[in-house]
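A structural walkthrough
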Amino acid sequence: MKRQDVGTLQAEDKTFVTHVIRNPARSGEWIVFFQLSTGRSFFLIDEHDEVESFRQLDRLIEVLQRLGIKLAEIHF
């Protein structure tokens with residue numbers, strides 16, 4: 001799911017849970033996983049349709065805040 005799609009879901013008042021997990025391909029990086037109430041799930045992807053990965057957790061949290069995410073579960 002691209003960043004603009006997250007905003008669209010929120011505008012439509014869709015319910016979803018945000019998970020921050022370690023990137024299984026690169027253990028030193030973090031990725032975001034959205035789980036919708038319908039059971040579907042999506043990763044945050046960039047403009048090239050690649051899973052967006054963050055080296056710094058602080059940077060990822062800033063991105064989530066800009067997207068309007070108020071709550072996220074962090075899985076170590």
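Residues numbered from 1 in each chain as written. Predicted model: local features only at pLDDT ≥ 70, side-chain atom pairs only at ≥ 80, totals over all residues. Heavy atoms only, no water.

Where strand 1 (residues 16–23) lies against strand 2 (residues 26–36), eight bridges are found, and the strand directions are antiparallel. By the bridge assignment for strand 2, His-19 is matched with Phe-33. What sits between the antiparallel neighbours strand 1 and strand 2 is a turn of two residues. Where strand 2 and strand 3 (residues 41–43) come together, three bridges link them in antiparallel fashion. Across the sheet, the residue bridging to Phe-33 is Phe-43, located in strand 3. With antiparallel pairing between neighbouring strands as the criterion, strand 2 and strand 3 make up a hairpin whose turn holds four residues, including Gly-39 at a positive phi of roughly 100°. (Pairing = 2+ DSSP bridges. Helix = DSSP H or I, 4+ residues; strand = E, 2+ residues; numbered from the N terminus.)

Considering all chains together, one arrives at four salt bridges under this definition. Between Arg-3 and Glu-52 there is a salt bridge, with its nearest N and O atoms 2.3 Å apart. Residue Arg-3 is found in helix 1 (residues 3–11), and its partner Glu-52 is found in the loop between strand 3 and helix 2 (57–66); the two are separated by 49 residues along the sequence. Its salt-bridge partner being Arg-55, residue Glu-29 comes within 3.8 Å of it at the nearest N-O pair. Here Glu-29, found in strand 2, pairs with Arg-55, found in the loop between strand 3 and helix 2; they are 26 residues apart in sequence, far enough to count as distant. According to the relative accessible area criterion, Arg-55 is exposed, its value standing at 68%. Residues joined by salt bridges that share partners form a network here, namely Arg-26, Glu-29 and Arg-55. (Salt bridge = Lys/Arg side-chain N within 4 Å of Asp/Glu carboxyl O. Buried < 20%, exposed > 50% of the residue type's maximum accessible area, 1.4 Å probe, protein only.)

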